[in-house]
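For reference, the chains in residue letters:
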Amino acid sequence: MVALVGAHMRPINLAGGRQLTDRALRRFWRDLSDVGGIYCVALSAADLMATRGKDMTEEHRQRHYYVLRRLMETFFALKEARERIRLITGDEIMERYGIPPSPLVGKALRLIEEAVYDGRVQTKEEAWTLLDAAMAEWRKEEGRKLS
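First, a word on scope: everything that follows refers to the structure included in this document. (Residues numbered from 1 in each chain as written. Predicted model: local features only at pLDDT ≥ 70, side-chain atom pairs only at ≥ 80, totals over all residues. Heavy atoms only, no water.)

**Let's talk about the overall build of the protein chain**
Consideration 1: In terms of helices and strands, the protein chain carries 8 helices and 0 strands.
Consideration 2: In the protein chain, the order of α-helices and β-strands from amino to carboxyl end is α-α-α-α-α-α-α-α.
Consideration 3: The C-alpha radius of gyration of the protein chain comes to 19 Å, more than 25% above the 15 Å expected for a compact globule of 147 residues.
Consideration 4: Summarising its shape, the C-alpha atoms of the protein chain cover approximately 60 × 35 × 30 Å along the three principal directions.
Consideration 5: Counting over 147 residues, the protein chain shows a buried share of 35%.
Consideration 6: Summarising the internal contacts of the protein chain: among those between residues at least 6 apart in sequence, 63% fall at separations of at least 24.
Consideration 7: Surface summary for the protein chain: the accessible area is close to 9,600 Å², and the carbon and sulfur share equals 56%.
Consideration 8: In the protein chain, which carries 25 positive and 22 negative side-chain charges, the distance between the mean positions of the two groups comes to 4 Å. (Helix = DSSP H or I, 4+ residues; strand = E, 2+ residues; numbered from the N terminus. Rg over C-alpha atoms; globule rule 2.2 N^0.38 Å. Buried < 20%, exposed > 50% of the residue type's maximum accessible area, 1.4 Å probe, protein only. Contact = heavy atoms within 4.5 Å. Areas by Shrake-Rupley, 256 points an atom, 1.4 Å probe, with all protein chains shown as cover. Lys, Arg positive; Asp, Glu negative; His and termini not counted. Charge placed at Lys NZ, Arg CZ, Asp CG, Glu CD.)

**Here's the deal with helix 6 (residues 90-97)**
Consideration 1: When helix 6 is considered as a whole, its buried residues turn out to be Gly90, Ile93, Met94 and Tyr97. For helix 6, the angular spread of the buried residues around the axis is 95°, confining them to a single face. Away from its buried face by more than 90 degrees, helix 6 exposes Asp91 and Glu95. (Arc of directions from axis to C-beta.)

Following this line, the structure appears as structure tokens:
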């Protein structure tokens, strides 16, 4: 509940931004989860109407409702994409790079997921190419932290 109240301004902030990106929409759902995000969209609409209501310009109302509609469209697109088979599994990542279950595996899965959503990756081979480069960079960063 605290997270929901703390996040209910995010749709309003998205509506006030210069450009609404797909990445920002996906990040909203990643950060809030499905149920929390749906409640947040509803709470944001209710809050806006309760605080601004009839004093709101038509342009402002349309912009806010556009963002809420795009958030819900993104929710359904992400839900559909999650139901598809992953190109690469966490087990495959651990085996290929010789790593144990860790946040790094989740980071790798999210990278591939975002690349698929963005259309940068369509095949397992493309996913491995992207992940090989990212892993090399992440390991280099870890080496610098340890030095």
